Amino acid sequence: MNALETIERRSAAAPTGLPEPSKRTFLTGRRMELFEKFPRLYWLVTRRWFQFAVVVPNLLFFYAFLIAGVFGSPVGNRNIIIIFIWILWWFALITALVPFASRVWCTVCPLPFFGDWIQRRALINVRTGRTCGLQNQMYGLNKKWPKALSNIWLQNIAFLGLCTFSAMLVTRPIVTVWVLGSLIVLAALMAGVFRGRTFCNYVCPISGFLSLFSMTSTLALRSKDLDVCAKCKTKSCSVGSDKGWACPWGIYMGKLDRNNYCGLCMECVKSCPNDNIGLFLRPAMSDTRIKGYDESWKAFIMLTLAAAYSIVLLGPYGIVKDFANVAEVGDWKGFGIYAGGLWLTALAALPAAFAACVWIGRRLAGRSDLGQKEIFLGLSYVFVPMGLLAWIAFSFPLIMINGSYILNVMSDPMGRGWDLFRTAQIHWSPILPEYVGCIQAPLLFLGAFYAIRAGYRFALEKTGTPAVAVRLAAPVSILVTAITLAFLKLFVG
Amino acid sequence: MARKFSDLTPEEVLRVAIGVEIANGERLRTFADMFSQQSPEASSVFKEMAEEEDQHKAVLVARYAQIYAKLADPLPESEISDVLEAHDLQDAEHFIFDDMDARAALKAVLAAENVAMDFYRRAVPTAATDELRAVYAELADGEADHVRRVQERLAAQGMRDAG
Ligand code: SF4
Ligand code: SF4
Ligand code: SF4
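## Looking at the overall build of chain A
Then, in step 1: A tally of regular secondary structure across chain A gives 23 helices and 5 strands.
Then, in step 2: Against the compact-globule benchmark of 23 Å for 493 residues, chain A has a radius of gyration of 24 Å, which places it among compact chains.
Then, in step 3: Expressed as lengths along the three principal axes of its C-alpha atoms, the size of chain A is roughly 75 × 60 × 40 Å.
Then, in step 4: Counting the 493 residues in chain A, one finds 58% classified as buried.
Then, in step 5: For chain A, restricting intrachain contacts to residue pairs at least 6 apart in sequence, the fraction spanning at least 24 positions comes to 78%.
Then, in step 6: Total accessible area on chain A is roughly 20,400 Å²; 68% of this is exposed by carbon and sulfur atoms.
Then, in step 7: If you average the places of the 48 positive and of the 24 negative side-chain charges in chain A, the two averages end up 4 Å apart.

## Quick word on the packing of aromatic side chains
Residues and elements named next belong to chain A.
Then, in step 1: Counted according to the given criterion, the structure contains 40 aromatic pairs over all chains.
Then, in step 2: Taken together, a centroid distance of 6.3 Å and an interplanar angle of 35° make the contact between F61 and F65 tilted. Of this pair, F61 and F65 both sit in helix 4 (residues 50–71), 4 residues apart, which is roughly one turn of the helix.
Then, in step 3: The class of F61 is exposed, set by a relative accessible area of 51%.
Then, in step 4: Measuring from centroid to centroid gives 6.1 Å for W145 and Y202, while their planes differ by 5°, and the two rings are stacked. Of this pair, W145 sits in the loop between strand 3 (134–136) and helix 8 (153–164) while Y202 sits in helix 11 (residues 198–203), and the two are 57 residues apart along the sequence. For the pair formed by W145 and Y202, the shared burial category is buried.
Then, in step 5: Taken together, the ring pairs in this structure connect W86, W89, W90, W105, F159, F209, Y309, W391 and F394 into an aromatic cluster.
Then, in step 6: The ring of Y139 has R121 lying over it, and the distance from NZ or CZ to the ring centre is 4.0 Å.

## Brief notes about the site of ligand 3
Then, in step 1: In the vicinity of ligand 3, the residues found are L221, C247, P248, W249, I251, M253, C262, G263, L264, C265, M266 and C268 of chain A.
Then, in step 2: Residues of the shell around ligand 3, tallied by class, amount to 11 nonpolar, 1 polar and no charged.

## Quick notes on the confidence of the model for chain B
Residue and element names in this part refer to chain B.
Then, in step 1: Across chain B, the average pLDDT comes to 85, with 97% of residues at or above 70.
Then, in step 2: The element-level mean pLDDT for chain B is lowest in helix 4 (residues 130–162), coming to 85, with helix 1 (residues 10–34) highest at 89.
Then, in step 3: Taken together, the chains of this predicted complex give a pTM of 0.90 and an interface ipTM of 0.85.

## Some words on the pairing of strand 5 (residues 277–281) of chain A
All names here are of chain A.
Then, in step 1: The buried count for strand 5 comes to 4 of 5 residues, which makes it a mostly enclosed element.
Then, in step 2: Where strand 1 (residues 32–33) meets strand 5, 2 bridges bridge the pair, whose relative direction is antiparallel. Across the sheet, residue M32 finds its bridge partner in strand 5, namely L281.
Then, in step 3: When strand 4 (residues 219–223) meets strand 5, the two strands line up antiparallel, connected through 5 bridges. Its bridge partner lying in strand 5, S223 is registered against I277.

## Side note on the environment of D130 of chain B
Residue and element names in this part refer to chain B.
Then, in step 1: Mapping D130 onto the fold places it in helix 4.
Then, in step 2: By relative accessible area, which is 59% here, D130 ends up exposed.
Then, in step 3: For the pair D130 and P10, spaced 120 residues apart in the sequence, the C-alpha separation amounts to 9.7 Å.

## Overview of a nonpolar patch on the surface
Residue and element names in this part refer to chain A.
Then, in step 1: A surface patch of nonpolar side chains, amounting to about 670 Å² of accessible area, comprises Y63, I67, V70, F71, I174 and W178.
Then, in step 2: Broken down by secondary-structure element, the contributors of at least two residues to the nonpolar patch are helix 4 and helix 10 (173–193).
Then, in step 3: For the nonpolar patch, the element with the most residues is helix 4, which contributes 4 residues.
Then, in step 4: Relative to the assigned elements, V70 resides in helix 4.
Then, in step 5: Residue classification places V70 among the partly exposed residues on the basis of a relative accessible area of 41%.

## Considering the pairing of strand 2 (residues 128–131) of chain A
All names here are of chain A.
Then, in step 1: With 2 bridges joining them, strand 2 and strand 3 adopt antiparallel strand pairing. Within the sheet, the bridge partner assigned to T128 lies in strand 3 and is N136.
Then, in step 2: Two successive antiparallel strands, strand 2 and strand 3, enclose a turn made up of 2 residues, where C132 displays a positive phi of approximately 45°.

## A few points about the side chain of T463 of chain A
Then, in step 1: Of note, T463 of chain A is situated in helix 22 (residues 436–463).
Then, in step 2: Apart from residues lying up to four places away in sequence, T463 of chain A is in contact with R367, L370, V468, A469 and L472 of chain A.

## Topic: the interface of chain B and chain A
Then, in step 1: Each partner contributes residues to the interface: chain B has 37 residues there, and chain A has 48 residues.
Then, in step 2: Of the roughly 3,800 Å² buried at the junction of chain B and chain A (both faces included), carbon and sulfur atoms supply 54%.
Then, in step 3: Looking at the side of chain B facing chain A, the largest losses of area belong to E93, H94 and F95 of chain B, adding up to 21% of the total buried there.
Then, in step 4: Taken together, the connections running from chain B to chain A amount to 6 salt bridges.
Then, in step 5: Residues E93 of chain B and K291 of chain A are paired through a salt bridge, measuring 3.1 Å at the closest nitrogen-oxygen approach.
Then, in step 6: Our count for the chain B to chain A interface comes out at 16 residue pairs in polar contact (both at pLDDT 80 or more).
Then, in step 7: Broken down by secondary-structure element, the contributors of at least two residues to the side of chain B that touches chain A are helix 1 and helix 3 (102–123) of chain B.
Then, in step 8: Examining the composition of the side of chain B that touches chain A, we find that 7 residues originate from one element, helix 1 of chain B, more than from any other.

## Side note on the side chain of S211 of chain A
Residues and elements named next belong to chain A.
Then, in step 1: Note that S211 resides in helix 12 (residues 205–213).
Then, in step 2: Polar side-chain contacts of S211 include one of 2.8 Å to the backbone oxygen of G208.
Then, in step 3: Leave out the neighbours within four places in its chain, and S211 touches R103, I152, N260 and Y261.

## Details of the site of ligand 1
All names here are of chain A.
Then, in step 1: R103, C106, C109, C200 and C204 are the nearest of the 13 residues found near ligand 1.
Then, in step 2: Residue assignment for the shell around ligand 1 shows that the elements contributing at least two residues are helix 6 (104–108), helix 11 and helix 12.
Then, in step 3: When grouped by side-chain class, the residues that make up the shell around ligand 1 number 10 nonpolar, 1 polar and 2 charged.

## Some words on the confidence of the model for chain A
Then, in step 1: Within chain A, residue pLDDT values average 92, and 96% of them lie at 70 or more.
Then, in step 2: In this model, residues 1–21 of chain A is a region of pLDDT below 50 whose contacts with residues beyond four sequence positions or in other chains number 45 contacts.

Rules of the game
- Residues numbered from 1 in each chain as written.
- Chains lettered and ligands numbered in written order.
- Predicted model: local features only at pLDDT ≥ 70, side-chain atom pairs only at ≥ 80, totals over all residues.
- Heavy atoms only, no water.
- Helix = DSSP H or I, 4+ residues; strand = E, 2+ residues; numbered from the N terminus.
- Rg over C-alpha atoms; globule rule 2.2 N^0.38 Å.
- Buried < 20%, exposed > 50% of the residue type's maximum accessible area, 1.4 Å probe, protein only.
- Contact = heavy atoms within 4.5 Å.
- Areas by Shrake-Rupley, 256 points an atom, 1.4 Å probe, with all protein chains shown as cover.
- Lys, Arg positive; Asp, Glu negative; His and termini not counted.
- Charge placed at Lys NZ, Arg CZ, Asp CG, Glu CD.
- Phe/Tyr/Trp six-rings, centres within 6.5 Å; stacked < 30°, edge-to-face > 60°.
- Lys NZ or Arg CZ within 6 Å of the ring centre and 35° of its normal.
- Near = heavy atom within 4 Å.
- Nonpolar A, V, L, I, M, F, W, Y, C, P; charged D, E, K, R; others polar.
- pLDDT = per-residue confidence, 0-100.
- Pairing = 2+ DSSP bridges.
- Patch = residues over 30% accessible without salt bridge, like charges linked within 9 Å, V, L, I, M, F, W, Y side chains within 5 Å.
- Salt bridge = Lys/Arg side-chain N within 4 Å of Asp/Glu carboxyl O.
- Buried area = accessible area lost by both parts, 1.4 Å probe.
- Polar contact = N/O pair within 3.5 Å; in protein donor to acceptor, adjacent residues only side chain to side chain.

In structure tokens form, the structure reads like this:
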């Protein structure tokens, strides 16, 4: 239900003496507003220096990592850029930040730092003025991004491309330097030409999966009362004010009902004149609406990659490892087979299997009046919780097996024989490897549970009858179960 | 504390209706400004609609004067908890400016006018007095007229787009 429908219902109901209207938000069920609960948090995020203060330390680390990548050891597990980014950062991001704090990584991300400066020519203060309908003075060309590319297809392809070469990326520091360095330069160049965070919205390869998996998060920034937004005469959250920059992601809070494209920069919290934006704690997996095929395919890609990485890095299939690791092994033909299989599965085979399940479900339910596209998009959400939990299950052994390298590189970040904190010589020792399966199996089951539940709920919403809903969602639920069992076989044996 | 619409007297209902027209004019001018460079055609639709709201307000002020002789201040919509009529943006994500064109602007206006018409229509049978019922009905008719006019514009715009 969109905001307008909600408003219509409320407005229409009011004169008939229905219960006193309470504040309406897009959040349903239990929730806690954190700014009210923790006023210091509100104070903190409304300081003008807030984002600068959280980004700059991260930027310094990032810069140090790049230096280590260029001048440090070319051996991956002896260089901090590899261990901290591809093991520690990835693990923290996928197991904690995204599920519990949505896109909070984007709050502290250093990649758009220079781009933001190019557009604002200010690090802390906000500039008032007029630029393309915004109430802030902005610099740069402020061009519109082409409509045909205003989706996440580019991100899908860029991410799949990067991940295809991940064996190089996660073992060779200089490759990581090139990739991250290019992203920071591209973000800055794009900020000079296009308005706001066009790079983040449409190009950043990290953004695609952050947007998809942030739907599952227990944290959400939302309008506290949609009626206040409807009546608001300034829409300062979108256009900015003397207190805050216009939303760099081009969001309107009064209609925002999911996390996907909010970078949690907190500018809207500062600029809203009605103090109408809240940071809510809510049940996991609350946003369930997939809006387009680009988002569905992101879900297919993420699930396929979780499977591919699990096979390559954790599975017993040496030949697949060799195929993927083209940089070391040099088997380009094998790599072609691996890459082709990966792309084919992510972009065609899994979507085709899913589409077939949707089609069969519609037939079983006797509801061919429900459009294939509508049901395809709605049910494709099942791969969001499932994909996230599969990625978490994959990431645990990564940190449990390689965790001791973190201590090593903290003392010797460049692999040059330093021993800053006396941890450089700690021998490699996996952390409780015998328990890996005990962690992975429940995570996979949890993913399947959330997926099947979401599929059923969507089907019920569409059909209104439990028995019909079960039939509509059944083939997709079977697919989810089969994939979960395949993961289980891979992880636990 | 904002009051409920259903608690207002007939005189207050008219005053708040005037207040809502004023607020809508301001909102539509904000939109006209917001989209002035990204979509000049949407901007001019919003400008025209803001002028229409000014005219609606003038009609209501005249009606008020006719019934109550002396014009009191409008009652600001912020003093009422209900949303009677609020022109709003429909888009939330990915640069909300991108999908705004003349058609989308008219649809946004139409949505708000429909809400208002529906609101007053449903209020009619709930009115405690005949006088209040008459005011509600008059407001509902006024909004129905606005709906019809915006629909006509939308149809004309559709033909223009298709042509
Ligand atoms: S979208 Fe990408 S570049 Fe932008 S803030 Fe998020 S991670 Fe950083
Ligand atoms: S500025 Fe505040 S009240 Fe106005 S639309 Fe934005 S969030 Fe809502
Ligand atoms: S909605 Fe608010 S917090 Fe989210 S990106 Fe826009 S300004 Fe930042």
